[in-house]
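Chain and residue survey
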Amino acid sequence: MIDTHTHLDSSKFLEDIDEVVNRALSVGVTSMYLPNVDDESLVRMNSLQERYPNYIELMLGLHPCEIKGDWEKILDRYDKLWEANPSAFIAVGEIGLDLYWDKSNIGQQIQALNHQLDWCLKYDKPFSMHVRDAWEATLKVLRERKCPELKGVLHCFSGSLEIARELIDMGHYLGIGGVATFKNSNIANVLSEIGLDRIVLETDSPYLAPVPHRGKRNESSHLQNIAIFLSDKLGYSVQEIDTITSANARSVFLK
Ligand SMILES: [Zn+2]
């Protein structure tokens, strides 16, 4: 299995990162993709990749909740990192729009998003995108920039069937995580309509742990709970869920 979005650099893992990685490997998680958040996370991500070069891949981007203060300077610096070594990163992430925490800077958030989507095209990379309370604005950006070369994952997807269909039509993938297992979630119903062709799995650790770990720290080994849940709901074996979603992850991230 491939955990396509996991913040293993989080301070929540400082005490026991080796056990966390080993537990993930022991349940069959073979790759973990780490989205960047800000400068601080980048330092920790780099050291994790040095420690686990066979299992950890890195993304580079500035999280929408970090579009404040000197965000333009940070993007300038990331421009240079991309230019210096594009093969160091498998994707542009974590980018996106978040109007839950702050609506006042939507203009800057959209500017930063577009700047970072340019990296996808320039360096032929997919994106890992965060969307919170911002579907309308996000779809507007993606529609304006629609082209066969721009592909990515809408991470932690929890939108409607209609939104799912539009994103898939545009060539994108949906990241499915612990939220799908929550009691009031409609995601399994959406998946039973659209199928698994454009689905990848993720934990978004340390956040959003799936049932039966809900409310506790999430970690990449819990990807198996998400696979088991989808297997129960959609009538595939866990092995089939793994085979299909891992192939999807490879085709979007390792193209
Ligand atoms: Zn994230």
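Residues numbered from 1 in each chain as written. Predicted model: local features only at pLDDT ≥ 70, side-chain atom pairs only at ≥ 80, totals over all residues.

Here we look at the sheet that holds strand 1 (residues 2-3)
Taken in spatial order, the three strands make up an open sheet running 1-2-3, and their pairing is parallel. The open sheet has two edge strands, strand 1 and strand 3 (56-58), and neither has a second partner. Two elements, strand 1 and strand 2 (residues 31-34), share two bridges in a ladder whose sense is parallel. Counted as the bridge partner of Asp3 is Met32 from strand 2. Those strands touched by helix 2 (residues 39-51) are strand 2 and strand 3, and its axis lies near 145° from that of strand 3. (Pairing = 2+ DSSP bridges. Helix = DSSP H or I, 4+ residues; strand = E, 2+ residues; numbered from the N terminus. Contact = placed C-beta atoms within 7 Å. Axes fitted to C-alpha atoms, helices over the stretch in contact; angles between N-to-C directions.)

Considering unusual backbone geometry
Here the bond from Gly93 into Glu94 is cis, since omega is 5°, no more than 30 degrees from zero. The omega angle of the peptide bond from Val211 to Pro212 is 10°, so this bond is cis rather than trans. By secondary structure assignment, the location of Pro212 is in the loop between strand 8 (199-201) and helix 8 (223-234). Of note, Asp133 is a non-glycine position whose phi angle comes to about 50°, a positive value. The topology assignment puts Asp133 in the loop between strand 5 (127-132) and helix 5 (135-144). One non-glycine residue with positive phi stands out, namely Leu208, at about 55°. Structurally, Leu208 can be placed in the loop between strand 8 and helix 8.

Things to note about the pairing of strand 5
In terms of residue burial, strand 5 counts as a mostly covered element, since five of its six residues are buried. Bridging between strand 4 (residues 92-98) and strand 5 involves six bridges; their strand directions are parallel. In the sheet register, Gly93 faces strand 5, and the bridge partner there is Ser128. Strand direction decides the pairing type here: strand 5 and strand 6 (residues 152-154), joined by three bridges, are parallel. Bridge pairing in strand 6 places Met129 opposite Leu154. Regarding the hand of the β-α-β motif, the stretch spanning strand 5, helix 5 and strand 6 is right-handed. (Buried ≥ 20, exposed ≤ 12 C-beta atoms within 10 Å, placed from the backbone. Right-handed = clockwise from strand over helix to strand, strands pointing away.)

Quick word on helix 1 (residues 17-26)
Within helix 1, the full set of buried residues consists of Val20, Val21 and Ala24. The arc that holds the buried residues of helix 1, viewed along the axis, is 95°, so those residues lie on one side. Opposite the buried face of helix 1, by more than 90 degrees, sit the exposed residues Asp18, Glu19, Asn22 and Ser26. Contact partners of the buried residues in helix 1: strand 1 and strand 2. Following helix 1 by one or two positions, Gly28 has its phi on the positive side, about 100°. (Arc of directions from axis to C-beta.)

A closer look at the nonpolar core
Formed by 62 residues in total, the largest nonpolar core has its most connected members in Met59, Val92, Leu174, Ile176, Leu201 and Ile226. Excluding its chain neighbours within four sequence positions, the residues that come into contact with Leu201 are Met1, Ile2, Asp3, Thr4, Ile176, Leu223, Ile226, Ala227 and Thr245. (Core = buried A, V, L, I, M, F, W, Y, C linked by C-beta atoms within 7 Å.)

A short note on the sheet that holds strand 4
Taken in spatial order, the five strands make up an open sheet running 4-5-6-7-8, and their pairing is parallel. With partners counted over all chains shown, the strands left at the sheet margins are strand 4 and strand 8, one partner each. The average angle at which neighbouring strand axes cross in this sheet is 30°, direction not considered. The sheet contact formed by strand 7 (residues 173-176) and strand 8 spans three bridges and is parallel.

Considering the packing of helix 6 (residues 161-169) against helix 7 (residues 187-194)
In contact at an axis separation of 10 Å, helix 6 and helix 7 are set at 45° when each is read in the N-to-C sense. Accordingly, the angle class assigned to the pair helix 6 and helix 7 is oblique. Here helix 6 runs over helix 7; the crossing is right-handed. Seen from helix 6, the contacting residues are Leu161, Ala164, Arg165 and Ile168; seen from helix 7, they are Val190, Glu193 and Ile194. Class assignment for the residues of the contact of helix 6 with helix 7 results in five nonpolar, no polar and two charged. (Parallel < 35°, antiparallel > 145°, perpendicular 65-115°, else oblique. Left-handed = near helix turned anticlockwise from the far one by under 90°. Nonpolar A, V, L, I, M, F, W, Y, C, P; charged D, E, K, R; others polar.)

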